[in-house]
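As a plain string of letters, each chain reads:
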Amino acid sequence: MAAPGPISWAPRVAAFSGSPSRFLSGTSPEAFLGELLRDLRDDRTSEATKVLLLSPLQEYPLVLCPSASVGEETAEALMALFAHAPPKSLNLRCHLMLAITSVLICTSCVKRDVKVAGSFLDLLVLTIQDTNDHKDGSAFRLLRAMACDCLREMETCFPGLLSQKLEALYFLKQQETTTLHQAYSLLYTLVLKNAVHLLSQQTGAGDGDLKSLLAGNEDFDWQATEKTLPPFRVSTMEQIPMLQTSTETKELKSVVSLLLEESYLHNPVSQSALLRELIQVVAMVQALSPAIFKSQLLRLFGTMDISLLHSTLLMKGAFTDSLFTTEDENFLLKRLLGMAQHPLLNTSQKLFYMDCILHFPENRPMSLNGEESLPVLVTPRLAISLLPTVFNDSSTMLCRMNLLCLVYLEADNEEGVGYLYDHLMALRKIVDNHGTREMTTTFFKAVFLFLSYFYHNEKLANEMTKSLCELYSRHCNLAPNLINLTDQIQKHLEDPGWVIKLLNALQNQIVELPVSQVSLQSLCWHLKILGRVAKETQVSQRSTVHFLFNLLISSDLCGSGDWRMGNAILAICRNLLQHPSLDQVFVDLADLLQFMMHRYEDTDIRDHARFYYTLLTNLSREKLSGVLAMGPEVGQAKVRSLSSIMAESEEQSSCLTIQPTKQPVLQLVRLRDDGMLGTLCNGRPEISKGEDFLKNYHDQFLSPGFASEVVLKYHLTFAGEVDSLFHKLFSICLHFDLTDSNYEEMSDISVPCLFINRKPPVVFLKLKPRQPYPTSLRACAIFTTEDGLSWHTDLADVPVAFPDIFQPLPVPADWPLETREQLFENLWKSLCADESRQSAISLFCFEIGERSLRDIIDSHFHRFLISKQADQELQKALLFLPPQFHVLLKIRNAEDAARVDVAMDNWKLLPFINSYLKSITNPAWDDQGQGLI
């Protein structure tokens, strides 16, 4: 197989990046890696293509280099490429650096005994030593920036690797005066932080060790690659490793002060990263006072940059009142409150500021667990500007609602709580007036937040219950929202009292409805509500059973045999069977189930009702609960025996009865025949001839009601050697999914059985084209084995080639040849005279070769011939392509070749006709492309 050319690499790399596992299913990582490295070494490959080829190694190094040995070999190959790359190819050399870094880190090759790791680190250090572009000039500044980034990545993944080079890195940072000073500072600060962290882990480390660390200029600390530094959260000051020093470390203080003084030269993101590292350094060294940051606070308090503000809050969480006064804290909170409503900020920024308020690091925090809590200084008067309105977007409204609920709960402010309730009623009115789905969701989320804080307010809780019931009475489709609301509140609140009241009110509202006023659509939602009510142990269920029994008697529900409604009623019965007060409804429930098992028209519903009735009348309550309780601890045998009656809310994922096969069990084998037309045309009236002959043909045979099918015949067989478990299959259901929109959806095909020692059954695939183009069908099957288990298997895709769509003329079979020939001529003339530009006339010529023209016609166009006399010089063939297209062929011998005149009423078919004619006239042609004739 030839190596892909430069043009073909773009789609291959895109396919790999999109899904590496799918891409590598057609090849192996070793083969793909070999192709990448081969083209990277090829001098004919352009620089842009080489950069593209490096992206898989940068993004998925572990996929292509699954072992350390492969990673080492790959890194060595990339190092050789870097050495031979032209000095001016800076972009390529930068990407090579990045690729080598990714490969070495991800394959764990950064070790002392890995030669390429030491060589690469030496290369990076050598590259950054050209400070101020003295040696290579400013053109190579991009390479130095990449080297700094690679060293930072190495140090981040292996903390302490560069800790013995602090003096050299500090010297390089001080020398650098170009824009890369920022990169050098960040590298040095990261190494300093990791070095201090490592030192704090050593027992007995003191002033002397810290001084020698700062003055270090030795080799790489390879031991760091074998250690794992424990992480710590500096924002809470919990479990921070402390470096005990007896006196103040002047050298370290000087370094930190200088870094802070220079920080204003950095961009905001870089400043934020530098501050985070220095905060950790000061937090770990006991001799360093947090006051060293005091000079930075004024600048940080006035910042508009989110990353810097985040670093400021991190600093406050780490040092609290040792750095921030009460006035500073009050100022920060007011600033956050102001920014949370600033008109020039976008929604995500405002939400960030509100989140900062809820997680504000106070000097004297009430809680240390990091959960949402209201700062003491945030009062109702201070937060009044953040009251939610209906004009807020959903996220802002909910965030403000949450914040204000906390404010008024802490302040015990009834007036504020009343405003929040009025806001909910305004939202309810919007929902009541057919608000959008987003507004509906926002309303129920807001109700959840309100009740989470004020469920103990009996007056407002009762009013909320009444309001929700009124809303449901007008909009039954809100049943899923109400059910979800009750579930979530019950999950988050210790007291389920409000949930009981709401469900009881909804139950009363539903059961009191006259059956004659209950529509089929609203009944579906009512049954869902009653199903949820039936799960509640503290709600009486007698009225529910009476309502259901009255519903079945007074309506035609049983006669209609609606499976969906019957299943919803059975779901309620199932919950009632597990209800603690089952004794109170025992007789009524038994009557209901007995009525369903005798009167309901659907067989499945009757069977399940009979099963529930048997359980109810034969088992004790304890055994009944044990049988129906399908928790995760239930054994596999019980899962299988009751899986068919599982309610959809009871963890179906643990009780799936359809098991996937490990490999395909079935396949479809095409049976080649003359084909057939799905819509029979015999018995149609004879159409009149004359001027309206063609119009009558279109009206009678191509009218909108005319729908022809393409029928393909297959044998359903086993896919090679299969397990003996699958030698006898029953109730096979074949399902087909379309891969495009050119065909109507296909119905499932049922096959009674398939035995390995019997003749395979014939399967007919019926396709209804919208456009007559080739396609491919995805196929799968569900079947049952002898032991009663159901299985799912995927079949190979079913191709539908262009010739498969060809059909004979859709006219009665007893039409004489003269009539068919007249129709052919009329169609030909109309296509030649067509001015709509939809039709096309073309010419195709080919050399006959060893086969005669007659053989080709008999092999491929026999069914479509209009003139069937073998001695005629001109042969006419008419191909009908459903739903209503025609391809007309005039085939004849020319002087030194065969000539095919082609006419069609859809010019878009030209490429497919061209490919088809090439394939039947030249078998060696492999259909690599489709060109116009």
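- Per an unreviewed UniProt entry, the recorded name for the protein is AP-5 complex subunit beta-1, and the organism is Lepisosteus oculatus.

**A closer look at the packing of aromatic side chains**
Phase 1: One pass over the structure, following the stated rule, counts 28 aromatic pairs.
Phase 2: Taking the centre distance of 5.1 Å and the plane angle of 70° together, the rings of Phe 443 and Phe 444 count as edge-to-face. Both residues of the pair, Phe 443 and Phe 444, count as buried.
Phase 3: The interplanar angle of 80° and the centroid separation of 5.6 Å between the aromatic rings of Phe 549 and Phe 595 together place this pair among those described as edge-to-face. Of this pair, Phe 549 sits in helix α27 (residues 542–554) while Phe 595 sits in helix α30 (residues 586–599), placing them 46 residues apart in sequence.
Phase 4: The class of Phe 549 is partly exposed, set by a relative accessible area of 26%.
Phase 5: Given the relative accessible area of 16%, Phe 595 is considered buried.
Phase 6: Members of the aromatic cluster, each reached through a chain of ring pairs, are Tyr 773, Phe 802, Phe 806, Phe 861, Phe 864, Phe 912 and Tyr 916.

**Description of the sheet that holds strand β11 (residues 875–881)**
Phase 1: The antiparallel open sheet is built from four strands, whose spatial order is β10-β13-β12-β11. Across the chains shown, the open sheet's two edge strands, defined by having one partner strand only, are β10 (840–846) and β11. Going across the sheet, the axis of each strand differs from the next one's by a mean of 20°, ignoring polarity.
Phase 2: Of the pairings in the sheet, the one linking strand β12 (residues 885–893) to strand β13 (residues 898–904) comprises seven bridges and is antiparallel in character. Bridge assignment links Lys 890 to a residue of β13, and that residue is Asp 901.
Phase 3: Packing against the sheet, helix α36 (residues 853–860) makes contact with β10, β11, β12 and β13, and its axis sits at approximately 160° to β12.
Phase 4: In the packing of helix α37 (residues 910–921) onto the sheet, the strands contacted are β10, β12 and β13, and the crossing angle to β10 comes to about 20°.

**Considerations on the sheet that holds strand β9 (residues 790–800)**
Phase 1: Overall, mixed pairing links the five strands, which are arranged β1-β9-β8-β5-β6 in an open sheet. Of all strands in the sheet, those with a lone pairing partner are β1 (658–660) and β6 (749–755), marking the two edges. Pairwise comparison of adjacent strand axes, ignoring direction, gives a mean angle of 35° for this sheet.
Phase 2: In terms of strand pairing, strand β8 (residues 775–785) meets β9 through nine bridges, oriented antiparallel. The partner of Thr 784 across the bridge, within β9, is Ser 790.

**Some remarks on empty space enclosed by the protein**
Phase 1: Enumeration over the complete set of coordinates arrives at one cavity of 30 Å³ or more.
Phase 2: Put simply, the largest cavity is a space of about 70 Å³.
Phase 3: The wall of the largest cavity is formed by Phe 846, Leu 853, Ile 856, Ile 857, Phe 861, Leu 889, Ile 891, Val 900, Leu 917, Ile 920 and Thr 921.
Phase 4: Every element with two or more residues in the lining of the largest cavity is listed here: α36, β12 and α37.

**Examining the packing of helix α22 (residues 437–454) against helix α24 (residues 479–492)**
Phase 1: Put simply, α22 and α24 touch, their axes get as near as 10 Å, and they point 25° apart. Our classification of the angle between α22 and α24 gives roughly parallel. The element α22 and its partner α24 pack so that their crossing is right-handed. For the pair α22 and α24, the contacting residues are Thr 440, Phe 444, Val 447, Phe 448 and Leu 451 in the first and Asn 481, Leu 482, Leu 485, Gln 488, Ile 489 and His 492 in the second.

**Notes on the packing of helix α29 (residues 563–577) against α30**
To describe two helices that pack against each other, one gives the angle between their axes and the distance between the axes.
Phase 1: At a minimum axis separation of 11 Å, α29 and α30 run at an interaxial angle of 150°. On the basis of their axis angle, the class for α29 and α30 is roughly antiparallel. By crossing handedness, the relation of α29 to α30 is classed as left-handed. Touching Gly 566, Ile 569, Leu 570, Cys 573, Leu 576 and Leu 577 of α29 are Leu 589, Leu 592, Leu 593 and Met 596, all from α30.

**Observations regarding the state of the cysteines**
Phase 1: Tallying each qualifying case throughout the model produces zero disulfides.
Phase 2: Cysteine Cys 106 remains unbridged, with the sulfur of Cys 157 as its closest cysteine sulfur at 7.5 Å.
Phase 3: Free of any disulfide, Cys 733 has its nearest neighbouring cysteine sulfur in Cys 780, separated by 8.1 Å.
Phase 4: Given the relative accessible area of 27%, Cys 733 is considered partly exposed.

**Some words on the side chain of Arg 400**
Phase 1: The topology assignment puts Arg 400 in helix α20 (residues 394–411).
Phase 2: Summary of buried charges: Arg 400 has no salt-bridge partner, and the nearest side chain of opposite charge, Asp 393, is 7.9 Å away.
Phase 3: Within the structure, the side chain of Arg 400 is placed 3.4 Å from the backbone oxygen of Leu 387, a separation counted as a polar contact.
Phase 4: Not counting residues within four places of it along the chain, the set of residues in contact with Arg 400 comprises Ala 340, Gln 341, Met 354, Ser 385, Leu 386, Leu 387, Pro 388 and Asn 392.

**Structural notes on the pattern of salt bridges**
Once the charged atoms of two side chains with opposite charge are near each other, the side chains can pair.
Phase 1: With the rule as written, the count across this model stands at 23 salt bridges.
Phase 2: Glu 35 serves as the salt-bridge partner of Arg 12, at 2.6 Å between the closest nitrogen and oxygen. Placement of Arg 12 in helix α1 (residues 6–18) and of Glu 35 in helix α3 (residues 29–41) is noted, with a sequence separation of 23 residues between them. The same class applies to Arg 12 as to Glu 35, namely buried.
Phase 3: We note a salt bridge from Arg 892 to Asp 901, for which the minimum N-O separation is 3.6 Å.
Phase 4: A single network of salt bridges, built from pairs that share partners, joins Asp 133, Arg 141, Arg 144 and Glu 176.

**Some words on the side chain of Asp 901**
Phase 1: On the secondary structure map, Asp 901 appears in strand β13.
Phase 2: A distance of 3.0 Å separates polar atoms of two side chains, one belonging to Asp 901 and the other to Arg 899.
Phase 3: With near-sequence residues (within four places) excluded, Asp 901 lies in contact with Trp 828, Ser 842, Leu 843, Leu 888, Leu 889, Lys 890 and Arg 892.

**Let's talk about the environment of Asn 91**
Phase 1: Relative to the helices and strands, Asn 91 resides in helix α7 (residues 90–106).
Phase 2: Spatially, the C-alpha atoms of Asn 91 and Leu 143 are 8.2 Å apart, while their sequence positions differ by 52 residues.
Phase 3: Among all residues touching Asn 91, those that are not within four sequence positions of it are Glu 47 and Val 51.

**Comments concerning the environment of Gly 34**
Phase 1: Counting through the fold element by element, Gly 34 comes out in helix α3.
Phase 2: For Gly 34, a relative accessible area of 32% translates into the label partly exposed.
Phase 3: As a C-alpha pair, Gly 34 and Leu 64 span 30 residues in sequence and 9.7 Å in three-dimensional space.

**Comments concerning the pairing of strand β5 (residues 728–738)**
Phase 1: The sheet contact formed by β5 and β6 spans six bridges and is antiparallel. Among the inter-strand pairings, Leu 729 is bridged to a residue of β6, identified as Leu 754.
Phase 2: Two strands pair when backbone bridges link them, and β5 and β8 are joined in this way by eight bridges, in the antiparallel orientation. Bridging across to β8, Leu 734 finds its partner in Ala 781.

**Re the nonpolar core**
Phase 1: The biggest cluster of nonpolar side chains holds 217 residues, and the ones touching the most others in it are Leu 78, Phe 293, Met 315, Phe 450 and Trp 498.
Phase 2: Shared between two domains, this core holds at least three residues of each, these being domain 1 (159–288) and domain 2 (526–628).
Phase 3: Apart from residues no more than four positions distant in its own chain, Leu 78 is found in contact with Leu 37, Leu 40, Leu 54, Leu 57, Leu 96, Ala 99, Ile 100 and Val 103.

**Description of unusual backbone geometry**
Phase 1: Between Pro 882 and Pro 883 the backbone carries a cis peptide bond, its omega angle lying at 10°.
Phase 2: Mapped onto the secondary structure, Pro 883 falls in the loop between β11 and β12.
Phase 3: Located in the positive-phi region is Ser 108, a residue other than glycine, with phi close to 55°.
Phase 4: Considering the arrangement of structural elements, one finds Ser 108 in the loop between α7 and α8 (115–128).
Phase 5: Among the residues examined, Ser 108 registers a relative accessible area of 42% and is labelled partly exposed.

Parameters and conventions
- Residues numbered from 1 in each chain as written.
- Predicted model: local features only at pLDDT ≥ 70, side-chain atom pairs only at ≥ 80, totals over all residues.
- Heavy atoms only, no water.
- Phe/Tyr/Trp six-rings, centres within 6.5 Å; stacked < 30°, edge-to-face > 60°.
- Buried < 20%, exposed > 50% of the residue type's maximum accessible area, 1.4 Å probe, protein only.
- Helix = DSSP H or I, 4+ residues; strand = E, 2+ residues; numbered from the N terminus.
- Pairing = 2+ DSSP bridges.
- Axes fitted to C-alpha atoms, helices over the stretch in contact; angles between N-to-C directions.
- Contact = heavy atoms within 4.5 Å.
- 1 Å grid on protein atoms, 1.4 Å probe; cavity = no way out; pocket = protein on both sides within 12 Å on 5 of 7 lines; lining within 4 Å.
- Points joined across faces, edges and corners; volume = space filled by probe spheres on them.
- Parallel < 35°, antiparallel > 145°, perpendicular 65-115°, else oblique.
- Left-handed = near helix turned anticlockwise from the far one by under 90°.
- Disulfide = S-S within 2.5 Å.
- Lys, Arg positive; Asp, Glu negative; His and termini not counted.
- Salt bridge = Lys/Arg side-chain N within 4 Å of Asp/Glu carboxyl O.
- Polar contact = N/O pair within 3.5 Å; in protein donor to acceptor, adjacent residues only side chain to side chain.
- Core = buried A, V, L, I, M, F, W, Y, C linked by side-chain atoms within 4.5 Å.
- Domains from an automatic or database assignment.

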